[in-house]
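Descriptive structure summary
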Amino acid sequence: MTPKAHDRIPPGLADIVGPSQVLTEPDMVAGYVADFTGRYVGATPAVVRPASTAEVAAVVSWCRQEGVALTLQGGNTGLVGGGVPLGGEVVLSLRRLDALEIDGTAGQATAGAGVTLAALQAGAVGAQWAYGVDFASRDSATVGGSVATNAGGLRVLRYGDTRAQVVGAEAVLGTGAVISHLSGLVKDNTGYNLASLLCGSEGTLGVITAVRLRLVPPAPQRVVALLAFDGLAPAIAAVGALRREVGSLSAAELFFAPGLELVCDVTGLRPPFSDRHAAYLLVEAAGQSDPAADLSDAVGSLAAVADVAMGLDSVRSAELWRYREAHTEAINTLGPPHKLDVTLPASALGAFLDAAPTTVTDVVATARVWLFGHAGDGNIHVNVSGLEPDDERVDEAVLFLAAGLGGSISAEHGIGTAKRRWLHLNRSATEIETFASIKRALDPDGILNPNVLIPPPL
Ligand code: 2HG
Ligand code: ZN
(Lines give C-alpha, C1' and ligand atoms only; values in the text may rest on other atoms or scores of the structure.)
(Ligands and ions follow the chains in the order given, each with its own letter.)
Protein backbone atom coordinates (compact mmCIF):
# COMPACT_ATOMS: atom_id res chain seq x y z
CA MET A 1 0.00 0.00 0.00
CA THR A 2 1.25 3.49 -0.75
CA PRO A 3 0.42 5.71 2.21
CA LYS A 4 -1.74 8.70 1.47
CA ALA A 5 -0.74 12.28 1.93
CA HIS A 6 -3.73 14.00 3.48
CA ASP A 7 -5.40 17.16 2.37
CA ARG A 8 -7.88 17.13 5.22
CA ILE A 9 -7.62 17.13 9.00
CA PRO A 10 -7.15 13.57 10.27
CA PRO A 11 -10.03 13.36 12.78
CA GLY A 12 -8.85 10.43 14.91
CA LEU A 13 -5.68 12.17 16.02
CA ALA A 14 -7.37 14.67 18.31
CA ASP A 15 -8.97 11.81 20.22
CA ILE A 16 -5.48 10.49 21.01
CA VAL A 17 -3.52 13.61 21.91
CA GLY A 18 -6.28 16.11 22.67
CA PRO A 19 -7.57 18.76 20.24
CA SER A 20 -5.08 21.40 21.38
CA GLN A 21 -2.18 19.19 20.30
CA VAL A 22 -3.32 18.81 16.70
CA LEU A 23 -2.26 21.98 14.91
CA THR A 24 -3.88 22.81 11.62
CA GLU A 25 -3.93 26.59 11.26
CA PRO A 26 -1.37 27.84 8.70
CA ASP A 27 0.36 30.17 11.18
CA MET A 28 0.57 27.36 13.74
CA VAL A 29 2.08 24.82 11.33
CA ALA A 30 4.41 27.26 9.55
CA GLY A 31 7.38 26.49 11.81
CA TYR A 32 7.02 22.75 11.12
CA VAL A 33 6.75 22.67 7.33
CA ALA A 34 9.90 24.56 6.25
CA ASP A 35 13.49 23.79 7.13
CA PHE A 36 15.89 26.29 8.68
CA THR A 37 17.46 27.28 5.35
CA GLY A 38 14.19 27.80 3.51
CA ARG A 39 15.31 25.44 0.74
CA TYR A 40 12.84 22.69 1.69
CA VAL A 41 9.24 23.78 2.12
CA GLY A 42 6.43 21.24 2.45
CA ALA A 43 2.78 21.29 3.45
CA THR A 44 0.79 19.37 6.00
CA PRO A 45 -2.84 18.89 6.98
CA ALA A 46 -1.83 18.68 10.66
CA VAL A 47 0.99 18.66 13.17
CA VAL A 48 0.34 16.16 15.96
CA ARG A 49 2.15 16.56 19.27
CA PRO A 50 1.95 13.48 21.54
CA ALA A 51 3.24 13.67 25.10
CA SER A 52 4.08 10.02 25.84
CA THR A 53 5.29 6.84 24.21
CA ALA A 54 1.77 5.41 24.56
CA GLU A 55 0.35 8.37 22.65
CA VAL A 56 3.02 8.00 19.94
CA ALA A 57 2.12 4.31 19.61
CA ALA A 58 -1.57 5.16 19.33
CA VAL A 59 -0.86 7.81 16.68
CA VAL A 60 1.28 5.44 14.62
CA SER A 61 -1.29 2.63 14.91
CA TRP A 62 -4.08 4.97 13.86
CA CYS A 63 -2.03 6.22 10.90
CA ARG A 64 -1.21 2.68 9.85
CA GLN A 65 -4.84 1.69 9.98
CA GLU A 66 -5.86 4.76 7.98
CA GLY A 67 -2.92 4.57 5.57
CA VAL A 68 -1.68 8.01 6.62
CA ALA A 69 2.01 8.86 6.11
CA LEU A 70 3.99 10.64 8.84
CA THR A 71 7.01 12.92 8.81
CA LEU A 72 8.87 12.68 12.11
CA GLN A 73 10.26 15.87 13.56
CA GLY A 74 12.33 16.91 16.56
CA GLY A 75 13.82 20.40 16.66
CA ASN A 76 13.51 20.85 12.87
CA THR A 77 17.20 21.60 12.52
CA GLY A 78 17.81 19.00 9.79
CA LEU A 79 19.51 20.15 6.61
CA VAL A 80 18.59 17.47 4.05
CA GLY A 81 14.82 17.87 3.83
CA GLY A 82 14.19 14.76 5.94
CA GLY A 83 12.23 16.43 8.73
CA VAL A 84 9.68 18.46 6.77
CA PRO A 85 6.54 17.13 5.05
CA LEU A 86 7.63 17.39 1.42
CA GLY A 87 5.02 14.80 0.40
CA GLY A 88 2.15 16.39 2.33
CA GLU A 89 2.53 14.03 5.31
CA VAL A 90 1.11 14.58 8.79
CA VAL A 91 3.97 15.91 10.97
CA LEU A 92 4.62 13.92 14.15
CA SER A 93 6.42 16.32 16.49
CA LEU A 94 8.30 14.67 19.35
CA ARG A 95 9.17 17.85 21.22
CA ARG A 96 6.80 17.21 24.13
CA LEU A 97 8.66 14.01 25.08
CA ASP A 98 11.10 16.00 27.15
CA ALA A 99 11.71 13.96 30.30
CA LEU A 100 15.37 13.79 31.32
CA GLU A 101 16.87 11.58 34.01
CA ILE A 102 20.56 11.55 34.81
CA ASP A 103 21.96 8.41 36.42
CA GLY A 104 25.08 9.79 38.08
CA THR A 105 26.05 6.36 39.40
CA ALA A 106 26.13 4.77 35.97
CA GLY A 107 27.30 7.92 34.19
CA GLN A 108 24.34 7.67 31.82
CA ALA A 109 21.23 9.64 30.91
CA THR A 110 17.77 8.55 29.85
CA ALA A 111 16.40 11.28 27.65
CA GLY A 112 13.06 11.66 25.94
CA ALA A 113 13.23 12.29 22.23
CA GLY A 114 12.24 15.93 22.67
CA VAL A 115 14.98 16.91 25.14
CA THR A 116 17.20 19.50 23.49
CA LEU A 117 20.88 18.83 23.18
CA ALA A 118 21.55 21.90 25.35
CA ALA A 119 19.23 20.60 28.10
CA LEU A 120 20.96 17.22 28.04
CA GLN A 121 24.37 18.87 28.24
CA ALA A 122 23.24 21.06 31.14
CA GLY A 123 21.69 18.09 32.94
CA ALA A 124 24.89 16.10 32.59
CA VAL A 125 27.02 18.98 33.87
CA GLY A 126 24.67 19.38 36.83
CA ALA A 127 25.48 15.80 37.81
CA GLN A 128 29.27 16.29 37.37
CA TRP A 129 29.28 14.50 34.04
CA ALA A 130 29.28 15.74 30.45
CA TYR A 131 27.67 14.68 27.18
CA GLY A 132 30.18 14.02 24.41
CA VAL A 133 28.24 15.32 21.41
CA ASP A 134 27.94 19.02 20.64
CA PHE A 135 26.98 21.12 17.62
CA ALA A 136 25.88 24.66 16.84
CA SER A 137 22.10 24.05 16.80
CA ARG A 138 22.25 22.65 20.36
CA ASP A 139 19.46 24.92 21.68
CA SER A 140 16.87 23.62 19.22
CA ALA A 141 18.12 20.21 18.08
CA THR A 142 16.58 17.33 20.01
CA VAL A 143 18.06 14.12 21.29
CA GLY A 144 15.63 12.04 19.22
CA GLY A 145 16.63 13.80 16.01
CA SER A 146 20.30 13.58 16.85
CA VAL A 147 20.01 9.82 17.35
CA ALA A 148 17.80 9.32 14.29
CA THR A 149 20.41 11.08 12.15
CA ASN A 150 23.47 9.84 14.07
CA ALA A 151 24.56 13.46 14.45
CA GLY A 152 28.28 14.16 14.59
CA GLY A 153 29.32 17.72 15.32
CA LEU A 154 32.33 19.32 16.89
CA ARG A 155 33.78 16.68 19.21
CA VAL A 156 33.67 13.49 17.14
CA LEU A 157 37.46 13.24 17.10
CA ARG A 158 37.39 12.96 20.89
CA TYR A 159 34.17 11.12 21.78
CA GLY A 160 32.84 9.64 18.54
CA ASP A 161 29.48 10.26 16.87
CA THR A 162 26.04 9.93 18.46
CA ARG A 163 25.95 6.18 17.79
CA ALA A 164 28.98 5.84 20.05
CA GLN A 165 26.98 7.37 22.92
CA VAL A 166 23.80 5.29 22.52
CA VAL A 167 23.47 2.35 24.90
CA GLY A 168 19.75 1.75 24.54
CA ALA A 169 16.57 3.01 22.90
CA GLU A 170 12.82 2.96 23.10
CA ALA A 171 10.88 3.31 19.86
CA VAL A 172 7.52 2.83 18.24
CA LEU A 173 7.95 0.80 15.08
CA GLY A 174 5.96 1.43 11.92
CA THR A 175 3.71 -1.43 13.03
CA GLY A 176 2.68 0.56 16.09
CA ALA A 177 4.52 -1.88 18.39
CA VAL A 178 6.83 -0.52 21.10
CA ILE A 179 10.37 -1.79 21.69
CA SER A 180 12.16 -0.66 24.82
CA HIS A 181 15.69 -1.52 25.90
CA LEU A 182 16.85 1.22 28.25
CA SER A 183 18.69 -0.60 31.03
CA GLY A 184 22.01 0.82 29.83
CA LEU A 185 24.06 -2.29 30.49
CA VAL A 186 27.43 -1.61 28.94
CA LYS A 187 28.02 -5.29 28.23
CA ASP A 188 24.87 -6.77 26.79
CA ASN A 189 25.23 -9.32 24.01
CA THR A 190 21.64 -10.44 23.82
CA GLY A 191 21.02 -10.28 20.11
CA TYR A 192 20.56 -7.61 17.49
CA ASN A 193 21.49 -4.10 18.60
CA LEU A 194 18.22 -2.42 17.65
CA ALA A 195 19.25 0.89 19.23
CA SER A 196 22.25 0.99 16.93
CA LEU A 197 20.06 0.10 13.95
CA LEU A 198 17.65 2.91 14.75
CA CYS A 199 20.55 5.31 15.12
CA GLY A 200 21.07 6.87 11.69
CA SER A 201 17.90 5.28 10.27
CA GLU A 202 16.46 8.79 9.80
CA GLY A 203 13.01 7.92 11.08
CA THR A 204 12.40 5.27 8.43
CA LEU A 205 12.13 2.29 10.79
CA GLY A 206 10.64 3.58 14.01
CA VAL A 207 9.84 6.67 16.04
CA ILE A 208 12.52 7.02 18.70
CA THR A 209 10.75 8.07 21.90
CA ALA A 210 13.62 7.81 24.42
CA VAL A 211 17.27 6.87 24.51
CA ARG A 212 19.83 5.78 27.06
CA LEU A 213 23.12 7.61 26.50
CA ARG A 214 26.56 7.27 27.96
CA LEU A 215 28.03 10.36 29.59
CA VAL A 216 31.72 11.24 29.68
CA PRO A 217 33.93 12.68 32.43
CA PRO A 218 33.75 16.47 32.50
CA ALA A 219 36.63 18.37 30.93
CA PRO A 220 36.23 21.77 32.57
CA GLN A 221 39.67 23.15 31.74
CA ARG A 222 39.33 24.26 28.15
CA VAL A 223 41.56 26.29 25.86
CA VAL A 224 41.07 27.33 22.27
CA ALA A 225 43.59 28.46 19.66
CA LEU A 226 42.77 30.00 16.32
CA LEU A 227 45.65 29.35 13.92
CA ALA A 228 46.10 31.23 10.65
CA PHE A 229 47.85 29.70 7.63
CA ASP A 230 48.79 31.15 4.28
CA GLY A 231 48.00 27.95 2.43
CA LEU A 232 45.84 24.86 2.68
CA ALA A 233 48.58 22.23 2.91
CA PRO A 234 50.12 23.44 6.19
CA ALA A 235 46.67 23.75 7.76
CA ILE A 236 45.88 20.13 6.90
CA ALA A 237 49.29 18.97 8.09
CA ALA A 238 48.68 20.77 11.38
CA VAL A 239 45.49 18.77 11.99
CA GLY A 240 47.40 15.48 11.83
CA ALA A 241 50.23 16.77 14.02
CA LEU A 242 47.88 18.14 16.70
CA ARG A 243 45.80 14.95 16.76
CA ARG A 244 48.98 13.00 17.38
CA GLU A 245 50.57 15.32 19.93
CA VAL A 246 47.71 16.75 22.00
CA GLY A 247 45.96 13.95 23.86
CA SER A 248 43.31 16.37 25.14
CA LEU A 249 42.43 17.67 21.66
CA SER A 250 38.65 17.96 21.47
CA ALA A 251 38.02 19.84 18.22
CA ALA A 252 39.84 20.83 15.03
CA GLU A 253 37.71 23.01 12.79
CA LEU A 254 38.72 24.44 9.43
CA PHE A 255 37.49 27.50 7.58
CA PHE A 256 38.75 29.93 4.97
CA ALA A 257 39.18 33.65 4.34
CA PRO A 258 35.92 34.22 2.39
CA GLY A 259 33.84 32.51 5.10
CA LEU A 260 35.54 34.44 7.89
CA GLU A 261 34.99 37.72 6.06
CA LEU A 262 31.31 36.93 5.53
CA VAL A 263 30.90 36.02 9.21
CA CYS A 264 32.51 39.31 10.26
CA ASP A 265 30.31 41.29 7.82
CA VAL A 266 27.11 39.65 9.00
CA THR A 267 27.77 39.48 12.74
CA GLY A 268 29.82 42.64 13.19
CA LEU A 269 32.63 40.64 14.83
CA ARG A 270 36.08 42.19 14.50
CA PRO A 271 38.47 40.08 12.37
CA PRO A 272 40.73 37.98 14.60
CA PHE A 273 43.98 39.10 12.90
CA SER A 274 45.08 42.32 11.25
CA ASP A 275 46.21 40.46 8.11
CA ARG A 276 44.12 38.28 5.82
CA HIS A 277 45.16 34.62 5.71
CA ALA A 278 44.04 31.84 3.38
CA ALA A 279 43.06 29.19 5.92
CA TYR A 280 42.12 29.07 9.60
CA LEU A 281 42.16 26.18 12.01
CA LEU A 282 40.30 26.46 15.29
CA VAL A 283 41.56 23.89 17.77
CA GLU A 284 40.32 23.16 21.26
CA ALA A 285 41.90 21.12 24.02
CA ALA A 286 39.99 20.17 27.16
CA GLY A 287 40.74 18.12 30.22
CA GLN A 288 40.55 17.88 33.99
CA SER A 289 43.87 19.68 34.28
CA ASP A 290 44.84 22.78 32.33
CA PRO A 291 45.75 21.77 28.74
CA ALA A 292 47.13 25.24 27.83
CA ALA A 293 50.79 24.28 28.03
CA ASP A 294 50.31 21.10 25.96
CA LEU A 295 48.41 22.96 23.29
CA SER A 296 50.80 25.94 23.18
CA ASP A 297 53.83 23.65 22.93
CA ALA A 298 52.30 21.66 20.10
CA VAL A 299 51.23 24.82 18.27
CA GLY A 300 54.72 26.27 18.77
CA SER A 301 56.32 23.30 17.04
CA LEU A 302 54.06 23.51 13.95
CA ALA A 303 55.63 24.72 10.75
CA ALA A 304 54.14 27.59 8.78
CA VAL A 305 51.68 29.02 11.29
CA ALA A 306 51.25 32.62 10.18
CA ASP A 307 49.48 33.88 13.30
CA VAL A 308 47.82 32.60 16.48
CA ALA A 309 45.03 33.90 18.71
CA MET A 310 44.68 32.07 22.02
CA GLY A 311 41.45 31.69 23.96
CA LEU A 312 42.62 31.03 27.49
CA ASP A 313 39.41 32.00 29.25
CA SER A 314 35.80 31.17 28.50
CA VAL A 315 34.93 34.62 27.11
CA ARG A 316 37.75 34.71 24.56
CA SER A 317 37.24 31.04 23.70
CA ALA A 318 33.58 31.70 22.95
CA GLU A 319 34.56 34.66 20.73
CA LEU A 320 36.94 32.47 18.76
CA TRP A 321 34.33 29.69 18.41
CA ARG A 322 31.88 32.23 17.04
CA TYR A 323 34.03 32.75 13.90
CA ARG A 324 33.41 29.09 13.09
CA GLU A 325 29.92 28.51 14.45
CA ALA A 326 28.41 31.61 12.80
CA HIS A 327 29.19 30.31 9.29
CA THR A 328 25.77 28.64 8.91
CA GLU A 329 23.72 31.71 9.89
CA ALA A 330 25.97 34.06 7.90
CA ILE A 331 25.67 32.01 4.71
CA ASN A 332 21.91 31.82 5.14
CA THR A 333 21.65 35.60 4.80
CA LEU A 334 22.59 35.18 1.12
CA GLY A 335 19.48 33.12 0.36
CA PRO A 336 18.78 29.40 0.73
CA PRO A 337 22.11 27.62 0.27
CA HIS A 338 22.74 24.15 -1.10
CA LYS A 339 24.49 22.15 1.62
CA LEU A 340 26.73 19.25 0.77
CA ASP A 341 28.00 17.53 3.85
CA VAL A 342 30.79 15.14 2.88
CA THR A 343 33.62 13.21 4.52
CA LEU A 344 36.95 12.63 2.84
CA PRO A 345 39.67 10.20 3.73
CA ALA A 346 42.50 12.15 5.40
CA SER A 347 44.75 11.52 2.40
CA ALA A 348 42.23 13.09 -0.02
CA LEU A 349 41.12 16.09 2.06
CA GLY A 350 43.50 18.51 0.33
CA ALA A 351 42.61 17.29 -3.16
CA PHE A 352 38.92 17.72 -2.42
CA LEU A 353 39.29 21.22 -1.00
CA ASP A 354 41.43 22.25 -3.96
CA ALA A 355 38.96 20.94 -6.51
CA ALA A 356 35.62 21.82 -4.88
CA PRO A 357 35.41 25.53 -5.88
CA THR A 358 35.99 24.93 -9.58
CA THR A 359 33.81 21.84 -9.54
CA VAL A 360 31.00 24.20 -8.53
CA THR A 361 31.79 27.15 -10.78
CA ASP A 362 32.35 24.92 -13.81
CA VAL A 363 28.66 24.06 -13.49
CA VAL A 364 27.25 27.45 -12.44
CA ALA A 365 29.80 30.21 -12.94
CA THR A 366 28.01 32.72 -10.71
CA ALA A 367 27.65 30.40 -7.69
CA ARG A 368 29.55 31.22 -4.49
CA VAL A 369 31.26 28.42 -2.59
CA TRP A 370 31.83 28.34 1.16
CA LEU A 371 33.98 25.61 2.66
CA PHE A 372 34.25 24.83 6.35
CA GLY A 373 33.98 21.88 8.65
CA HIS A 374 35.36 19.38 11.04
CA ALA A 375 38.87 18.82 9.73
CA GLY A 376 39.72 16.47 12.60
CA ASP A 377 37.43 13.80 11.16
CA GLY A 378 37.55 14.75 7.46
CA ASN A 379 34.01 16.23 7.38
CA ILE A 380 33.73 19.24 5.09
CA HIS A 381 30.57 21.31 4.69
CA VAL A 382 30.37 22.62 1.14
CA ASN A 383 27.79 25.39 1.10
CA VAL A 384 26.84 26.93 -2.22
CA SER A 385 24.83 30.11 -2.57
CA GLY A 386 23.37 31.69 -5.68
CA LEU A 387 21.66 28.51 -6.94
CA GLU A 388 17.98 27.89 -7.59
CA PRO A 389 16.63 25.63 -4.80
CA ASP A 390 15.75 22.81 -7.22
CA ASP A 391 18.79 23.03 -9.50
CA GLU A 392 20.72 19.92 -8.44
CA ARG A 393 23.55 20.00 -11.00
CA VAL A 394 26.07 21.44 -8.52
CA ASP A 395 24.98 19.03 -5.79
CA GLU A 396 25.59 16.14 -8.14
CA ALA A 397 29.02 17.38 -9.23
CA VAL A 398 30.23 17.88 -5.65
CA LEU A 399 28.91 14.52 -4.45
CA PHE A 400 30.53 12.73 -7.39
CA LEU A 401 33.79 14.52 -6.56
CA ALA A 402 33.67 13.40 -2.92
CA ALA A 403 32.69 9.82 -3.73
CA GLY A 404 35.31 9.63 -6.48
CA LEU A 405 37.97 10.49 -3.91
CA GLY A 406 36.80 7.70 -1.61
CA GLY A 407 34.57 9.89 0.54
CA SER A 408 31.01 9.74 1.85
CA ILE A 409 28.17 11.84 0.41
CA SER A 410 26.80 12.29 3.93
CA ALA A 411 29.13 12.77 6.86
CA GLU A 412 26.65 13.75 9.54
CA HIS A 413 23.50 15.40 8.17
CA GLY A 414 22.08 12.21 6.69
CA ILE A 415 20.65 11.35 3.28
CA GLY A 416 17.16 12.76 3.92
CA THR A 417 15.17 13.49 0.81
CA ALA A 418 17.90 15.64 -0.70
CA LYS A 419 20.53 12.99 -1.37
CA ARG A 420 18.71 9.72 -1.74
CA ARG A 421 19.07 9.63 -5.49
CA TRP A 422 22.84 9.58 -5.03
CA LEU A 423 22.93 6.90 -2.32
CA HIS A 424 24.28 4.49 -4.94
CA LEU A 425 27.54 6.46 -4.92
CA ASN A 426 28.34 4.95 -1.52
CA ARG A 427 26.07 1.92 -1.25
CA SER A 428 25.76 -1.12 -3.52
CA ALA A 429 22.44 -2.26 -4.98
CA THR A 430 22.52 -5.18 -2.55
CA GLU A 431 23.00 -2.86 0.42
CA ILE A 432 20.14 -0.61 -0.70
CA GLU A 433 17.87 -3.64 -1.19
CA THR A 434 18.84 -4.80 2.31
CA PHE A 435 17.87 -1.37 3.66
CA ALA A 436 14.49 -1.71 1.91
CA SER A 437 13.98 -5.22 3.35
CA ILE A 438 14.67 -3.99 6.87
CA LYS A 439 12.23 -1.14 6.35
CA ARG A 440 9.54 -3.53 5.12
CA ALA A 441 10.01 -5.65 8.25
CA LEU A 442 9.76 -2.74 10.71
CA ASP A 443 7.42 -0.43 8.80
CA PRO A 444 5.39 -2.80 6.59
CA ASP A 445 3.07 -0.14 5.18
CA GLY A 446 5.79 2.44 4.65
CA ILE A 447 4.12 5.13 6.74
CA LEU A 448 7.25 6.51 8.47
CA ASN A 449 9.22 9.15 6.56
CA PRO A 450 8.28 7.58 3.20
CA ASN A 451 10.42 9.98 1.17
CA VAL A 452 13.59 9.70 3.23
CA LEU A 453 16.84 7.77 2.82
CA ILE A 454 15.76 4.81 0.68
CA PRO A 455 15.62 5.71 -3.02
CA PRO A 456 12.33 5.03 -4.77
CA PRO A 457 12.41 1.93 -7.00
CA LEU A 458 13.55 2.79 -10.54
C1 2HG B 1 28.05 22.70 11.41
O2 2HG B 1 29.04 21.99 11.41
C3 2HG B 1 26.73 22.10 11.05
O4 2HG B 1 28.08 23.88 11.77
C5 2HG B 1 26.03 22.87 9.91
O6 2HG B 1 26.87 20.76 10.70
C7 2HG B 1 26.80 22.86 8.65
O8 2HG B 1 25.58 24.72 7.78
C9 2HG B 1 26.19 23.69 7.52
O10 2HG B 1 26.37 23.31 6.35
ZN1 ZN C 1 28.89 20.02 11.00
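Quick note: structure is the one above.
To keep things clear, this report deals only with the structure shown in the data block. (Residues numbered from 1 in each chain as written. Chains lettered and ligands numbered in written order. Predicted model: local features only at pLDDT ≥ 70, side-chain atom pairs only at ≥ 80, totals over all residues. Heavy atoms only, no water.)

Description of the layout of surface pockets
Taken as a whole, the largest pocket holds about 1100 Å³ of empty space. Forming the walls of the largest pocket are 47 residues, and the residues nearest its centre are T77, G78, L79, F135 and S137. When contributions to the lining of the largest pocket are tallied by element, the ones reaching two or more residues are β3 (70–73), α5 (143–148), β9 (206–214), α11 (314–325), α12 (327–332), β15 (368–374) and β16 (379–385). With four residues, α5 is the single largest residue contributor to the lining of the largest pocket. Looking at side-chain class alone, the lining of the largest pocket contains 16 nonpolar, 25 polar and six charged residues. (1 Å grid on protein atoms, 1.4 Å probe; cavity = no way out; pocket = protein on both sides within 12 Å on 5 of 7 lines; lining within 4 Å. Points joined across faces, edges and corners; volume = space filled by probe spheres on them. Helix = DSSP H or I, 4+ residues; strand = E, 2+ residues; numbered from the N terminus. Nonpolar A, V, L, I, M, F, W, Y, C, P; charged D, E, K, R; others polar.)

Examining the pairing of strand β6 (residues 108–112)
Where burial is concerned, most of β6 is hidden: five out of the five residues are buried. In this structure, strand β5 (residues 100–103) lies alongside β6, joined through four bridges in antiparallel fashion. If you follow I102 over to β6, its bridge partner there is A109. Taken together, β5 and the strand that follows it, β6, pair antiparallel across an intervening segment of four residues, in which G107 is found at a positive phi of about 70°. As defined by bridge partners, β6 adjoins β9 across five bridges and the pair is classed as antiparallel. Bridging from a neighbouring strand, Q108 pairs with R214 of β9. (Buried < 20%, exposed > 50% of the residue type's maximum accessible area, 1.4 Å probe, protein only. Pairing = 2+ DSSP bridges.)

Looking at the sheet that holds strand β10 (residues 221–229)
Here seven strands make up an open sheet; going across it, the order is β13-β10-β12-β11-β15-β16-β14 and the pairing antiparallel. Pairing within the sheet leaves two strands with one partner each, and these edge strands are β13 (307–311) and β14 (338–343). Ignoring which end each strand starts from, the neighbouring axes of this sheet average 15° apart. Summarising the sheet, strand β11 (residues 249–256) and β15 pair through two bridges and their orientation is antiparallel. If you follow L254 over to β15, its bridge partner there is G373. Sheet strands in contact with helix α8 (residues 232–245) are β10, β11 and β12 (279–287), and its direction is about 10° off that of β12. (Axes fitted to C-alpha atoms, helices over the stretch in contact; angles between N-to-C directions. Contact = heavy atoms within 4.5 Å.)

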